[in-house]
Structures are given as structure tokens and as C-alpha cells.
Amino acid sequence: MDPVTLYQFELCPFCHKVRAGLELKGIPFRKVEVNPMTKKELPPLSGDAPRKVPVLQTGGDTVADSTAILAYLEDKLPGKVKFTPADPEARKLSDEIEEWVDSEFTFALPTVIYGTWGEAIKAAQVTARSSNFGFFQNVGVRAGGSLIMHQVAKRLLKKRGKTDAHQWVEDNVSQVEKWLGEKDFLTGAEPSLGDVAVHGAMSCVRDFPVFAEIMRRPRVAAWFHRVQALRETNRA
């Protein structure tokens, strides 16, 4: 297998979504942490591709966008877990869940990562701990990045007509719980693209107090740990 490189930012839920997919499939990969302010670590991209993470490179291919990356993996590197259910209804639901994660859940999560100054400082510490940046880059990301994202979080709440970030996330988790029901995974007995997307997004906030709030839902917690165990078993 050609080497796989994932260009990512540690607190990007879309990047965690791709990492969940890679680990469930058992595909070895190298992470390159991208400075969210300069993005100088990103490889050359096609003219119409935005310069943002995640980006995956392998075998001469460069793929941007988390949904496109997971589709590429499913097609080119099927690995140990297939994300596409055989049942048409389950496939439809899986696609619906992934779309919801991209358009709703991933917008709610930053508001509890950066929503208050205390949360923004915590996010900066997580970034510094996980990055491979030099001293001055880390200082810049911790100071400037946290300030920018705190403002972004405030704008997200206003744009979506929300006033309570934690309640927004709680409502989202209620939707996940509804989809899950009594099943082992979101669309049935086996994990699907929907599970990849939701588990990746939730993994993004594991270092934050909101994760403990999510894990207070017994069915959601059991599902999360079930998927996590698969990731750890399959991880290359």
C-alpha cells in the first residue's frame, strides 16, 4: 500500500471524521498538523479546492473534503470495514446522518470548544500539546487562533439563532440517540458512514467538559465505546 498522509488540525471535527474512517478500515497513515492561521503545511491543491483541512494524499492522489476523502477510501482502499450498507434504506439513512453531521453537528461543536474564554484557552492548550509547530508558531496559534475561533463561535450561535451552545449540542445528541434506538450502530448491526461521521465529530471534544455531558446518555456512551473499540482493534 502507498503511504497515506492526512493533513489535519487537531480540533477540526471534519479531520476527526476522516481519522475515524482510516482507523476503522485499518489503514496506516501519517498525520501532518496544519497551522490554522497560515496553512503553509498544506500540499498544492487543485484550483477550485479551498485551502482547508482535511486533505489526504496517497499514491499520487490528493483528495480534499472529508466526505470526498471517505468516498475515496471506500472506493480505493476498502480495508476492514465497509461504510456503505447493502440495504437501501440503511444506506439512505447513513448518507442522511453524514450530511447532518456536516451541516449541523460540526457547527454546534465549536461553540462549546471556543464559546467562552475559558473554553478557548483550553482549546489553545490542546492545540499546543498536539501540534508539531515551533515555539513561535504555537504562541501565535494559541493567542491569535483562540481569539479568532472565540469570535467564530459567537457568530455561529447568532447565525443559527441559538443562545445556549451546550443546549444546542444536547439537542444534537438527542437526535443521535433517536437514530440509534436499540441498535448496536446507527443504521443496524454493522457500522456505516453515519457512525464514522458522528464518532469522529464526538471524538473532537474528548478533552472538553461537554464530552462528559454526552457520555451521560447510556445508549450513546455504549455506542461510542463500541465504535472506539473497533477503531482500536483495527488501527494499523
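If you're wondering where the values come from, they're calculated on a predicted model, not measured in any experiment. (Residues numbered from 1 in each chain as written. Predicted model: local features only at pLDDT ≥ 70, side-chain atom pairs only at ≥ 80, totals over all residues. Heavy atoms only, no water.)

### A short note on the packing of aromatic side chains
As enumerated under the stated definition, the model contains 4 aromatic pairs in all. Between W223 and F224 the ring centres are 6.4 Å apart and the planes differ by 70 degrees, which places this aromatic pair in the edge-to-face class. Three or more aromatic residues joined by ring pairs form one cluster here, namely W100, F105 and W179. Here the basic side chain of K25 rests over the ring of F83, its NZ or CZ set 4.2 Å away from the ring centre. Here the basic side chain of R160 rests over the ring of F107, its NZ or CZ set 4.7 Å away from the ring centre. (Phe/Tyr/Trp six-rings, centres within 6.5 Å; stacked < 30°, edge-to-face > 60°. Lys NZ or Arg CZ within 6 Å of the ring centre and 35° of its normal.)

### Comments concerning the side chain of S192
Tracing the chain through its elements places S192 in the loop between α7 (165-180) and α8 (193-203). Accessibility expressed as a relative area gives 1% for S192, which makes it buried. Side-chain polar atoms of S192 contact the side chain of T187, separated by 3.2 Å. Residues within four places of S192 in sequence aside, it is in contact with F83, P85, S94 and T187. (Helix = DSSP H or I, 4+ residues; strand = E, 2+ residues; numbered from the N terminus. Buried < 20%, exposed > 50% of the residue type's maximum accessible area, 1.4 Å probe, protein only. Polar contact = N/O pair within 3.5 Å; in protein donor to acceptor, adjacent residues only side chain to side chain. Contact = heavy atoms within 4.5 Å.)

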